[in-house]
Amino acid sequence: MHELTLCEALLDLLDDEKARRGFRALRRLKLEIGRFGCIDPDALVYAFDVTTRDTWLDGAKIEVDRRPGRARCLDCGADVEVPDRLADCPRCGGRRLMPTGGDQMRLVEMEIVA
Ligand SMILES: [Zn+2]
């Protein structure tokens, strides 16, 4: 499962942060996930809950903020935000959009227990 792999990458990242900053536990973390990615946030949250059970991350709440995708319109040349890959250009209604971003996962906030 794709989300499980992502979740493992996230746990590695959190382990590193813990080692670097020396906190004891995490109360909450917030992720930004681009809409162009093929990540299912519910599956990710579920994978996180399962893989952190009985670890130092047990009980940490995970929040997901979905970011709009970004694309360049080949018709009017605008850089626009779009809700999904099949959307029309919100500026000119053109259909030729080239995705330029919005498929990333980013850790944006951590509430730590020192
Ligand atoms: Zn356009």
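Residues numbered from 1 in each chain as written. Predicted model: local features only at pLDDT ≥ 70, side-chain atom pairs only at ≥ 80, totals over all residues. Heavy atoms only, no water.

Trainee: Can you tell me about the packing of helix H1 (residues 2-21) against helix H2 (residues 41-51), naming the residues and giving the values?
Mentor: Packing of H1 against H2 brings their axes to within 9 Å, and their N-to-C directions diverge by 55°. One way to sum up the angle between H1 and H2 is to call them oblique. Read as a crossing pair, H1 and H2 show a hand that is right-handed. Taken together, the residues of H2 that come into contact with H1 (itself represented by Glu 3, Leu 4, Leu 6, Cys 7, Leu 10, Leu 11 and Leu 14) are Ala 43, Leu 44, Ala 47, Phe 48 and Thr 51. (Axes fitted to C-alpha atoms, helices over the stretch in contact; angles between N-to-C directions. Helix = DSSP H or I, 4+ residues; strand = E, 2+ residues; numbered from the N terminus. Parallel < 35°, antiparallel > 145°, perpendicular 65-115°, else oblique. Left-handed = near helix turned anticlockwise from the far one by under 90°. Contact = heavy atoms within 4.5 Å.)

Trainee: Go over a negative patch on the surface, please, and point to the residues and values.
Mentor: Taken together, the side chains of Glu 8, Asp 12, Asp 15 and Asp 16 present a region of like negative charge at the surface. Relative to the elements of secondary structure, Asp 12 occurs in helix H1. (Patch = residues over 30% accessible without salt bridge, like charges linked within 9 Å, V, L, I, M, F, W, Y side chains within 5 Å. Areas by Shrake-Rupley, 256 points an atom, 1.4 Å probe, with all protein chains shown as cover. Salt bridge = Lys/Arg side-chain N within 4 Å of Asp/Glu carboxyl O. Lys, Arg positive; Asp, Glu negative; His and termini not counted. Charge placed at Lys NZ, Arg CZ, Asp CG, Glu CD.)

Trainee: Now, about the nonpolar core: what can you tell me, with residues and values included?
Mentor: The nonpolar side chains of soluble globular proteins are, as a tendency, buried together. Counting 17 residues, the largest nonpolar core has Leu 10, Leu 14, Leu 26, Leu 29 and Phe 48 as the members making the most contacts within it. Only H1, strand E1 (25-34) and H2 provide two or more residues apiece to this core. Sorting elements by how many residues they give to this core places H1 first, with 5 residues. Setting aside residues up to four positions removed in sequence, Phe 48 forms contacts with Cys 7, Leu 10, Leu 11, Leu 14, Leu 29, Ala 60 and Ile 62. Ala 71, Val 82, Ala 87 and Leu 97 belong to the second-largest nonpolar core, a separate cluster that totals 9 residues. (Core = buried A, V, L, I, M, F, W, Y, C linked by side-chain atoms within 4.5 Å. Buried < 20%, exposed > 50% of the residue type's maximum accessible area, 1.4 Å probe, protein only.)

Trainee: An account of unusual backbone geometry is needed here, citing residue identities and associated values.
Mentor: For Asp 54, which is not glycine, the phi torsion reads 65° and is therefore positive. Within the element layout of this structure, Asp 54 appears in the loop between H2 and strand E2 (61-67). Exposure remark for Asp 54: the relative accessible area of 72% places this residue in the exposed category.

Trainee: Run through the sheet that holds strand E3 (residues 69-73), naming residues and quoting values.
Mentor: Pairing within the open sheet is antiparallel, and its 3 strands lie in the order E4-E3-E5. The open sheet is flanked by strand E4 (79-82) and strand E5 (97-101), the only strands paired with a single partner. Averaged over all pairs of adjacent strands, the angle between strand axes in this sheet comes to 40°, irrespective of strand direction. As paired strands, E3 and E4 are joined by 4 bridges and run antiparallel to one another. Residue pairing across strands places Gly 69 opposite Val 82, the latter belonging to E4. (Pairing = 2+ DSSP bridges.)

Trainee: Just give me the short version of the coordination of the zinc ion, but keep the residues and values in it.
Mentor: For the zinc ion, every protein donor is listed as Cys 73 (SG), Cys 76 (SG), Cys 89 (SG) and Cys 92 (SG), and the spread of their distances is 2.3 to 2.4 Å. Coordination geometry of the zinc ion: the 4 donor atoms subtend angles of 107 to 113° at the metal centre, consistent with an arrangement described as tetrahedral. Of note, the zinc ion draws all its donor residues from one chain, in the sequence arrangement C-x2-C-x12-C-x2-C. Of this pair, Cys 73 sits in strand E3 while Cys 89 is found in the loop between E4 and E5, placing the two residues 16 residues apart along the sequence. Overall, Cys 89 belongs to the buried group, its relative accessible area being 4%. (Donors = N, O, S within 2.8 Å, 3.2 Å for Na, K, Ca; no water. Tetrahedral: all angles 85-135°; square planar, octahedral: opposite > 155°, others 65-115°.)

In short, geometric facts, not functional conclusions.
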